[in-house]
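# Structure assessment
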Amino acid sequence: MYRARTCDIEVVVEPYYLEEQSSPEDSRYVWAYHIVIENHSDQAVRLTHRYWHITDQNGLVDEVEGPGVVGEQPRLLPGDSYEYSSGCPLDTPSGIMFGHYRMEDDEGKAFNVEIPAFSLDSPGLLRVLN
């Protein structure tokens, strides 16, 4: 699992490879990721936007942004958590993702919350370290 904490908002990510949706012979590799967002602050916040920076093993970058997550803009009271799952296809057997959520408190103050960088690696992928 991967974790980041910004302004007392914690984001935990657990990625996993979806073998049944992947087709290596067609250069299609698919991952899902489960995210838990926990509000450890003393104020309510709403997740208004998301931004993803996705890089495949060839260095090709895809940026994804938009309102909310999975069609929702959850509001988290102090002590609340919100969970969701989503996915990411790549044309290569590995990659990396990171990003941020745009949050807004009840006074309208907006701030970014880091989504930790996490690795997308196909099972059996050989890595060579120099």
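Coordinates for the structure precede this section.
Everything in this summary refers to the structure shown in the same document. As the structure is a computational prediction, the values presented were derived from the model and not from experiment.

## What to know about the packing of aromatic side chains
The tally for this structure, following the rule as stated, stands at six aromatic pairs. Centroid distance Tyr 33 to Phe 118: 5.7 Å. Interplanar angle 55°. Geometry classified as tilted. With Tyr 33 in strand 3 (residues 29-39) and Phe 118 in strand 9 (residues 110-121), the pair connects residues that are 85 residues apart, well separated along the chain. The exposure classification of Tyr 33 matches that of Phe 118, with both residues buried. The rings of Tyr 2, Tyr 33, Trp 52 and Phe 118 are connected pair by pair, giving a single aromatic cluster.

## Quick word on the nonpolar core
Tyr 33, Ile 35, Ile 37, Trp 52, Tyr 84, Tyr 101 and Met 103 are the most contacted members of the largest nonpolar core, which has 27 residues in total. The set of elements that each furnish at least two residues to this core consists of strand 2 (9-17), strand 3, strand 4 (45-56), strand 7 (81-90), strand 8 (94-105) and strand 9. In contact with Tyr 33, other than residues within four places in its own chain, are Val 13, Glu 14, Pro 15, Tyr 16, Trp 52, Tyr 84, Ser 85, Ser 86, Gly 87, Cys 88, Met 97 and Phe 118.

## Concerning the side chain of Asn 39
Note on placement: Asn 39 falls in strand 3. Only 2.9 Å separates the side chain of Asn 39 from the backbone oxygen of Gln 43, close enough to count as a polar contact. Within the local environment of Asn 39, its side chain forms a polar contact with the backbone oxygen of Leu 76, the two atoms lying 3.0 Å apart. In contact with Asn 39, not counting residues within four places along its chain, are Asp 8, Ile 9, Ala 44, Val 45, Leu 76, Leu 77, Pro 78, Gly 79 and Asp 80.

## Points about the pattern of salt bridges
As enumerated under the stated definition, the model contains three salt bridges in all. For Glu 10, the salt bridge identified is with Arg 3, shortest N-O distance 3.3 Å. Taking the relative accessible area as the measure of exposure, Glu 10 reaches 13% and is therefore buried. For the salt bridge of Asp 8 with Arg 5, the shortest nitrogen-to-oxygen distance reads 3.5 Å.

Thresholds applied
In this numbering scheme, every chain counts its residues from 1 along its sequence in written order. Reporting in this predicted model follows two pLDDT cut-offs: at least 70 for local features of residues, and 80 or more for side-chain atom pairs to be given and counted; totals over whole chains, interfaces and linings ignore these cut-offs and use all residues. Side-chain measures here rest on the full set of heavy atoms in the structure, leaving out hydrogens and waters. Stacked, edge-to-face and tilted labels apply to pairs of Phe, Tyr and Trp rings (six-membered ring for Trp) whose centres lie within 6.5 Å, assigned for plane angles under 30 degrees, over 60, and everything in between, in that order. Under the DSSP-based scheme used, a helix requires at least four consecutive residues in state H or I and a strand at least two consecutive residues in state E, with every element numbered from the N terminus. Residue exposure (1.4 Å probe, protein chains only): buried if accessible area is under 20% of the type maximum, exposed if over 50%, otherwise partly exposed. Put simply, buried Ala, Val, Leu, Ile, Met, Phe, Trp, Tyr and Cys residues joined by side-chain atoms within 4.5 Å make one nonpolar core. A contact between two residues is defined here by any heavy atoms of the two lying within 4.5 Å. Whenever a nitrogen or oxygen atom comes within 3.5 Å of another N or O atom, the pair is scored as a polar contact, on the condition that within protein one atom can donate a hydrogen and the other can accept it, and that pairs from neighbouring residues in sequence are kept only if both atoms are in side chains. Think of a salt bridge as a Lys or Arg side-chain nitrogen and an Asp or Glu carboxyl oxygen that are within 4 Å of each other.

Note that all results are geometric; they support no functional claim without further evidence.
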